[in-house]
Structures are given as structure tokens and as C-alpha cells.
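Structure at a glance
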Amino acid sequence: MNVSPLLVVAATVAVALAAVAVVPRFRRPGALARTVPAAAALGVAAAVALDAVGLWRGAAWAAVFTLAAAGVHVLRVGEGRTVVRRVRARLLFGVPWGTLVSVAGVAAFYLFAQFGAESPSSPLVVPFVSWSYFYPLGTLAAPFAHASLGHVTGNLLGTLALAPLAEYAFSHFPTGRGESAFDSWRTNPYVRAFVLFPLGVFVVALLTGAFAWGATIGFSGVVYAFAGFALVRYPLATVVAVSAREVLSLLWAVLRDPITFASASPSFSPPWWAGIAVQGHLFGFLVGAVLAALLVARRDERPSAARVWFGAVVLASSLSLWAVWWYGGVEEYVLYRGAGLLLVATLAALLTVVVRADDRTLVRDVSTRKVAFAALALPVVTMSLVAVPVNVTTVSEADLPGDPVEIRGYEVTYAEDVTNERVAGVEVPYFAQATNVSASGVIVANADREIWTEEVSAGELAFWGDRRVTVGGVGWRESVGVHRRGWVPRGGDAVYNVYVTPPDGPTRHVYASGNATADPVVGGRSVRVDAAGGGFGLQVVDDDTVVETVRLPEANESVTAGGLTFVRNESRVLAEYGNTSVTIATEETYE
């Protein structure tokens, strides 16, 4: 291994400077000279490591570990010691064990149940969505499953940032005077750390899966419950924790990909806010707030009203609880930003009233605290009541058009401008138009599992040309290939066919687009491209009458039809008439 001397010198200097900056005794007079031999040795080791893993990736790891070491050092001196003592007074050995157990459980589900260990970037998703109460596996699994590696990573980082605050408020040790940690199993710190807190997280997760509206997936409802719980008890610390989540996300991105190259390209994904299950997030947030309000009332703790109000506004805004949206048309979405801001303001006011309410009697046995708590619990109950009829609905028609591929109960095909049977299955009185939503793209349906979903949009398939869709269940999965091939008449829209390749079988044709006419007129005739029968044809049209139809020629071949000669090179088809030669169609290209 040839290590650059310059790299050795740079690493040595970096180690020496880090030692002087972080370790107190190295800042004494003459200490720098004594650190040079050790720094040199460490510098050589660091240089070798950097050379082995790559300069930039090694530098990224070094930067993260240096930042972590500095943070540990800060906690060991001055006010940091007080923070450590407070944490150890509430958490067993100062560690949020319940948070770590919860994180490990969610990560294990992604790695093994969703096959994330085999293919981290393409997990099994479809069977673990909360499609309907008539599909209990989805309802139970959805809170712990995730749609992608970025999805699970974001939720786990959010959990690491917010859950420790909720666990600190819960406390592994008794908080009342005269209570002993080992008086009963409920006060035992080991039981509270490794059983009760993770069990509470599990129950909240099940609630978010059962009472979120419609098809959802992800642990984010629980993350928002952590946020709501922590906000009621520690408003400012929760705002700081949300910022800490961004720091953790940055550190993860640095470790994973220290240098990123990007170029401008079109995107056929929905806008970011259209991927937010805002009703699920709000439900989780309110559940956490209700639990925290019960804890605050039981311990007679009353946080500052100003801190709760400002903390709620900042937190709800930064967590995008204002992103209220609904479907518009095909691949169109509507964001109600104004209504979302009103929701944030109402939520902040409600939480402020709840935490500041006391036991003053209003009417008979009704106190201000009971009224405030009822006001906070009301939206939770209302959302739950709405969720029940929404989640007991079934897809109105699971059968797909054409000749879909069948895999153990699943059907996979491609269709355009068909009714979204999942949305249409929810009947809203006086708002039928809101559920009359169309879908275009790769459709996956399973009548036994109450599944109907557009897995790949038509625009995405047009951009990439080839996509894969994975279906499966507990312990199994299969992938289906979907392919688009097309030709673009000059001056016209693309004409294309879509094919599906099952796991064990030949590729089959499932969709043909309409035809389109090229702009050029050759020899007084127009040329129309069609996609009938899974192939491509050319129609010679004279005065709106099809004179003759011929198959599109193979590469470097020619055919004659209607007095025109069609010549194809690799990616173009030319129409020739006498001395005239015009390009009438080009082959569609994909990324």
C-alpha cells in the first residue's frame, strides 16, 4: 500500500490539533511537544485508514467521530456534568434503553420482514400497508414497515432525537417523594426501561396503524407521538431536539455519501407534501399530547404557557403539520396551506390551555382541567371515529383491465385513466367528486388483501422505460418487470406499448396507446403511427382514409405502402417519395 507522505503529515497535524482542542491536559504548557510522537503514530494509522477506505469517506468518518468526541468532552466538564447527573437520575445508567429497543425493533422489521438486508434500497412494501381492517396483517404491520431506506432512516433518526425526551419524562426511576425504585415491578427501573416504555411505544404504534385514515405505512405516527408527548412537558427542549434530528440526518448523509454529484433532471414523483400522511401524523401527535397531559396532571406539573405556545407553533410548522392536501386529477394534488396554518394555530392554543388548566370547579364536579383535557381528547376521538368507516371499506372493484400478470393472488398490469378503486371505495356524502380520482400507471391489485394501488405512475415509467414492482407476503416476495417501448411521430404525441414480465414466464403485452399522426405530408399523404397488437405499424392516410397499413420495418430495413417507402435506421423512420426523404418518427428514449 503506497500512502502519500502529504496525507501522513496532514493526518498527523489533524490528530495533534484535535488532541489539544479536546483533551484538557494537552493544553498545558509544553504538552504539545509531548503529544507529537503519539500524534505522529496516530497520524500514520489515520493516513493508512484514509487510503484504504478512500480519502473523502475516511475524512467524513473522522469528522463525525471528532464531533462526537468533542460532544462527549463538553458533557464531562462544567454544566455538562450537571446535565449528565440529571439524565442518570432519570434514566438507567443514563441511557434511553427503551428508545434503543424500539429503534432495534423497527430496524429488524425492515431488515428481515421487508427483506431490507438483501436489498436495502428496494424493500417489500405492498403487503405491509394498512389497506383495510379486512386485511389485519397490513393494519398490524404498517406502523413498523417502511417504503424505502430513506423512509426508515428518517423515522429512526427522528426517534433517536425525540424519544429520549419522552423517556426522560416517563423516567426509569420513581419521581415522587418516598418512592423506592424496587418497591414493585412497576417502579423497577429495568422493567420500566426494557418492558414498559417499549410496550407503550408498541401500543401507540398499533393505535396509529388502526386509526390512521386509509392506506398508510411507517413509524412516523409514533415519532409524532414522541414529539407531542415531549412538547407538552419540555417545550423548548423538544424544539432543540427537532433541530438535533436535522443534525443527525446530516451526519448520516455525510457518512453514507460524503460527496454528491447531481445534475438537473425532470422528476415524475409527486410533490413532497403529497407523500405526507398528515392525518396519521396529527393523530400520533395528539395521542402523545394526551398521554403527556395525563402525566403532567398526575404529577401536578405545569409548564410555561409561552413556551408551550411558541414551541407548538415552531414544532408543528417544522414538522409540516400544516401540509393538508388532497387529490386533484391524474398526477395532480392540491395543497391547502392556509387551512394548514389555521390547524397549527388552533393546535398551539389548545395545548397551551391544556397545560395551564387547573382544578378550579366550573360546574359541579367539572373542573377547568377536565374541560381542557376533554377538548384535547375530542379530536383524537373524532379522528378515530372517522377512521373506522374509512378503514372498513373495501376496494370497489379489484379486477384489472386487460391481461394482468397473476402471482399468488396479486394482479399486476398497466392502465391509464382508470378509477382509483382505493379512493373511490370511500364514500363521502355530498363530496362524491372528491373520491372520483383517476389513476394512470402500473396498477397492483389483490382482492384477498383488499389491495388496489398505483405503484408506478405513467410519467415515471415514460421517463425510465423500465421499472420493477415487488409483491409478496410474510417470508416471500416476487418481482415483476414493466417495460415501455414507443415511437414519437414528428410533431405528434408518443405512441407506445407496455409489457409486463412475470418472475417465471414470458413477457406479455398489456397496454397499447392510441395512434398519432406525423406532421409532414409526403406525396400528398400523411403517415400515422399505431401500437396495435403489441407491435408498431405505419398507416398511410389520404384524405382521412387509410390507404394501406404496414408493420414498422426492422432496423436497417425498408417497406413500401401506399406509394411511400419507409426506411428505418437504428432510431429513425424516414418516408421517401421520389426525391423527397423526411423523418416521420423517432424511437422513444429513456433514462
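None of these values were measured; they are calculated from a predicted model.

1. A closer look at helix 7 (residues 149–170)
In this model, helix 7 (22 residues) spans 30 Å end to end at C-alpha, consistent with the 32 Å of a helix rising 1.5 Å per residue. Helix geometry: helix 7 is bent most strongly at L162, by close to 35°, with proline P164 lying one to four residues after it. Positive backbone phi, at 70°, marks S171, one or two positions downstream of helix 7.

2. A look at the nonpolar core
Membership of the largest hydrophobic core comes to 68 residues, with the highest contact counts inside it found for F219, F226, F285, L351 and L376. The element best represented in this core is helix 11 (residues 278–299), accounting for 12 residues. Residues contacting F226, with those up to four places away along its chain left out, are T159, L162, A163, A166, F197, V201 and F219. One finds V405, I407, V442 and V500 within the second-largest nonpolar core, a separate group that totals 26 residues.

3. Description of the confidence of the model for the chain
Predicted confidence across the chain gives a mean pLDDT of 82, with 81% of residues reaching 70 or more. Between residues 428–434, whose pLDDT stays under 50, and residues either more than four places distant or in other chains, the model counts three contacts.

4. Description of unusual backbone geometry
One non-glycine residue, S320, adopts positive backbone phi at about 60°. Summarising the element assignment, S320 is placed in the loop between helix 12 (305–318) and strand 1 (325–327). Unusually for a residue other than glycine, D544 sits at a positive phi of about 65°. Its place among the elements puts D544 in the loop between strand 15 (537–542) and strand 16 (545–551). On the basis of relative accessible area, D544 is assigned to the exposed category, the value being 73%.

5. Quick notes on the packing of aromatic side chains
Two aromatic rings are characterised by how far apart their centres lie and by the angle between their planes. A complete count under the given rule lists 12 aromatic pairs for this structure. Judged by centre distance (4.9 Å) and plane angle (85°), the ring pair of F463 and W464 falls under edge-to-face. Its relative accessible area of 35% is what places W464 among the partly exposed residues. Here the aromatic cluster, defined as three or more aromatic residues joined through ring pairs, consists of F170, F197 and F226. Stacked on the ring of Y168, the Lys or Arg R90 has its end atom at 4.9 Å from the ring centre. Sitting over the face of the ring of F170, R192 holds its NZ or CZ atom 4.1 Å from the ring centroid.

6. Notes on the sheet that holds strand 16
Strand order in the open sheet formed by four strands is 13-14-15-16, and the pairing between neighbours is antiparallel. Edge strands, defined here as strands with exactly one partner in the open sheet, are strand 13 (516–517) and strand 16. Judged from the six bridges that link them, strand 15 and strand 16 form a sheet pairing that is antiparallel. Across the sheet, residue V541 finds its bridge partner in strand 16, namely V546.

7. A short note on the sheet that holds strand 6 (residues 410–419)
Reading across from one edge, 5-6-7-8 is the order of the four strands in this open sheet, with antiparallel pairing throughout. Sheet topology places strand 5 (405–407) and strand 8 (451–457) at the edges, where each strand pairs with a single neighbour. Across the sheet, the mean angle from the axis of one strand to that of its neighbour is 40°, orientation sign disregarded. As paired strands, strand 7 (residues 438–446) and strand 8 are joined by six bridges and run antiparallel to one another. When the sheet's bridge partners are listed, V442 is paired in strand 8 with V456.

8. Side note on the pairing of strand 9 (residues 466–473)
Note that strand 9 and strand 10 (residues 476–489) share eight bridges and pair antiparallel. In the sheet register, D466 faces strand 10, and the bridge partner there is H483. Count of turn residues in the strand 9/strand 10 antiparallel hairpin: two residues, of which G475 carries a positive phi of about 85°.

9. Points about the packing of helix 7 against helix 9 (residues 220–233)
Here helix 7 crosses helix 9 at 35°, and the two axes come no closer than 8 Å. Here helix 7 and helix 9 pass one another in a crossing that is left-handed. Residues N155, G158, T159, L162, A163, L165, A166 and A169 of helix 7 form the contact with helix 9, whose own contacting residues are S220, V223, F226, A227, F229, A230 and R233. Of the residues assigned to the contact of helix 7 with helix 9, the class counts are 10 nonpolar, four polar and one charged.

10. Digging into the pairing of strand 15
Of all the six residues making up strand 15, five are buried; the element is thus mostly covered by neighbouring parts of the structure. Note that strand 14 (residues 526–530) and strand 15 share five bridges and pair antiparallel. In the sheet register, S526 faces strand 15, and the bridge partner there is V541. In sequence, strand 14 turns back onto strand 15 through a hairpin of six residues, with G533 there showing a positive phi of about 70°. The hairpin formed by strand 15 and strand 16 contains two residues between the paired strands, and D543 there has a positive phi angle of roughly 55°.

11. With respect to the environment of P553
Relative to the helices and strands, P553 resides in the loop between strand 16 and strand 17 (558–561). When the C-alpha positions of P553 and R568 are compared, they lie 6.3 Å apart, and in sequence the two are 15 residues distant.

12. Side note on helix 14 (residues 368–391)
The terminal C-alpha atoms of helix 14, which comprises 24 residues, lie 35 Å apart, in line with the 34 Å expected from a rise of 1.5 Å per residue. The largest bend in helix 14 comes to about 30°, at A377, with the proline P379 one to four residues further on. Looking at helix 14, one finds that the buried residues are T368, R369, A372, L376, A377, V380, M383, S384, A387, V390 and N391.

Rules of the game
Residues numbered from 1 in each chain as written. Predicted model: local features only at pLDDT ≥ 70, side-chain atom pairs only at ≥ 80, totals over all residues. Heavy atoms only, no water. Helix = DSSP H or I, 4+ residues; strand = E, 2+ residues; numbered from the N terminus. Expected span 1.5 Å × (residues − 1). Bend = angle between axes of the 7 residues up to and from the residue. Core = buried A, V, L, I, M, F, W, Y, C linked by side-chain atoms within 4.5 Å. Buried < 20%, exposed > 50% of the residue type's maximum accessible area, 1.4 Å probe, protein only. Contact = heavy atoms within 4.5 Å. pLDDT = per-residue confidence, 0-100. Phe/Tyr/Trp six-rings, centres within 6.5 Å; stacked < 30°, edge-to-face > 60°. Lys NZ or Arg CZ within 6 Å of the ring centre and 35° of its normal. Pairing = 2+ DSSP bridges. Axes fitted to C-alpha atoms, helices over the stretch in contact; angles between N-to-C directions. Left-handed = near helix turned anticlockwise from the far one by under 90°. Nonpolar A, V, L, I, M, F, W, Y, C, P; charged D, E, K, R; others polar.

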